[in-house]
Amino acid sequence: MNYPVNDQTLTMTSREIAEAIGKEHRMIKRDIRNLFDELGMELTSCTSSYSDSMNRPQVEYTLDIHLVLTFLSRKDLRLGIEFSKKHVKKASELIAVVNALSEFEIPDDLPEMFIYYIQNVATGNVKIGISQNPEERRKHLQTGCDGELVIVAVKKAENRFKDEKLIHDKFKSEKIHGEWFSSSALLDVKDAA
């Protein structure tokens, strides 16, 4: 079975639970209401609305991972065990990654990085990227491009990839594909000058 848990907040909606265990949503909602009554908890903070396929307003509940585990264990002990094994493993893997990152040191002597703006002369499109050596990067890109590529601007990336991401986000409406943007992204270069 595939359990669609939101990994960012570790929640599931009553509709997702119903789909995951193959039960009617109305029955799952009834069982969730019973669980909350038994626990003496209010459902108001977990309640939201959506429109069904006939555009009628409907109610669903969003449960955190602890309530999902409790609910599934009450419905079917095997489901609760299978579900908890899957997500406990994910949680332990995440904790291991966080612990490893907390011990990771960033060296002080990293080479400088530069944000580059490379323009395709034929199309006017601009590639905005990051490199230690923008000219080498231009040459590498040129081998796969039928139009002439020129470096329009280069600026030091003080915050490395964060700087590149900020610029990409700034021009997301101008994005063509990958790191290629329309020529209006060059306004950033003119504003900086």
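The shown structure was predicted, so the numbers you read here are calculated from the model rather than taken from an experiment. (Residues numbered from 1 in each chain as written. Predicted model: local features only at pLDDT ≥ 70, side-chain atom pairs only at ≥ 80, totals over all residues. Heavy atoms only, no water.)

**What to know about the pattern of salt bridges**
Then, number 1: For the structure on display, the rule yields nine salt bridges.
Then, number 2: Taking the shortest distance from any N to any O, the salt bridge between K127 and E179 comes out at 2.3 Å. In this pair, K127 is assigned in strand β5 (residues 126–131) and E179 in the loop between β7 (175–177) and β8 (180–181), connecting sequence segments 52 residues apart.
Then, number 3: Given a relative accessible area of 26%, E179 falls into the partly exposed group.
Then, number 4: For K165, the salt bridge goes to D169, with nearest N and O atoms at 2.9 Å. Taken together, the positions of K165 and D169, both in helix α6 (residues 161–170) and four residues apart, correspond to about one turn of that helix. (Salt bridge = Lys/Arg side-chain N within 4 Å of Asp/Glu carboxyl O. Helix = DSSP H or I, 4+ residues; strand = E, 2+ residues; numbered from the N terminus. Buried < 20%, exposed > 50% of the residue type's maximum accessible area, 1.4 Å probe, protein only.)

**Considerations on the packing of aromatic side chains**
Then, number 1: In total, this model carries zero aromatic pairs according to the counting rule given.
Then, number 2: The ring of Y50 carries the charged tip of R15 above its face, separated from the ring centre by 3.6 Å. (Phe/Tyr/Trp six-rings, centres within 6.5 Å; stacked < 30°, edge-to-face > 60°. Lys NZ or Arg CZ within 6 Å of the ring centre and 35° of its normal.)

**Looking at the nonpolar core**
Then, number 1: Within the largest apolar cluster, 17 residues are counted, with the highest numbers of intra-cluster contacts made by I17, I28, I32, F36, L63 and F71.
Then, number 2: If you list the elements that add at least two residues to this core, you get α1 (14–21), α2 (25–39), β3 (57–64) and α3 (65–75).
Then, number 3: Sequence-distant contacts of I28, that is, excluding residues within four places in its chain, are made with S14, I17, A18, I21, K23, F71 and K75.
Then, number 4: In this structure, I128, A153, A157 and A185 belong to the second largest nonpolar core, which totals 13 residues. (Core = buried A, V, L, I, M, F, W, Y, C linked by side-chain atoms within 4.5 Å. Contact = heavy atoms within 4.5 Å.)

**Things to note about the environment of L186**
Then, number 1: Position of L186 among the secondary structure elements: in the loop between β8 and α7 (187–192).
Then, number 2: The buried category is assigned to L186, whose relative accessible area is 12%.
Then, number 3: The contact partners of L186, leaving out residues within four places of it in the chain, are Y117, Q119, V126 and V152.

**Considerations on the pairing of strand β2 (residues 47–51)**
Then, number 1: In the sheet, β2 pairs with β3 via five bridges, with the strands oriented antiparallel. Considered in β3, the bridge of S48 is made with E60.
Then, number 2: Turn length for the β2-β3 hairpin, with the two strands adjacent in sequence and antiparallel, is five residues, and the turn residue N55 shows positive phi of about 65°. (Pairing = 2+ DSSP bridges.)

**Concerning the environment of N125**
Then, number 1: Relative to the assigned elements, N125 resides in the loop between β4 (114–120) and β5.
Then, number 2: Those residues within four positions of N125 in sequence are excluded, and the remaining contacts are I118, Q119, N120, I176, W180, F181 and S182.

**A short note on helix α5 (residues 134–142)**
Note on helix geometry: an α-helix contains 3.6 residues per turn, so any two residues three or four positions apart are oriented the same way.
Then, number 1: Taken together, the buried positions of α5 are occupied by P134, R138 and L141. Mapping the buried residues of α5 onto a view down its axis gives an arc of 65°, with all of them on the same face.
Then, number 2: Against β4, β5 and β6 (149–156) lie the buried residues of α5. (Arc of directions from axis to C-beta.)

**Observations concerning the packing of α1 against α2**
Then, number 1: α2 packs onto α1 with a crossing angle of 120° between their chain directions and a minimal axis gap of 9 Å. Read as a crossing pair, α1 and α2 show a hand that is right-handed. Where α1 abuts α2, its residues S14, R15, I17, A18 and I21 lie against H25, I28, K29 and I32.
Then, number 2: Residue composition of the contact of α1 with α2, by class: five nonpolar, two polar and two charged. (Axes fitted to C-alpha atoms, helices over the stretch in contact; angles between N-to-C directions. Left-handed = near helix turned anticlockwise from the far one by under 90°. Nonpolar A, V, L, I, M, F, W, Y, C, P; charged D, E, K, R; others polar.)

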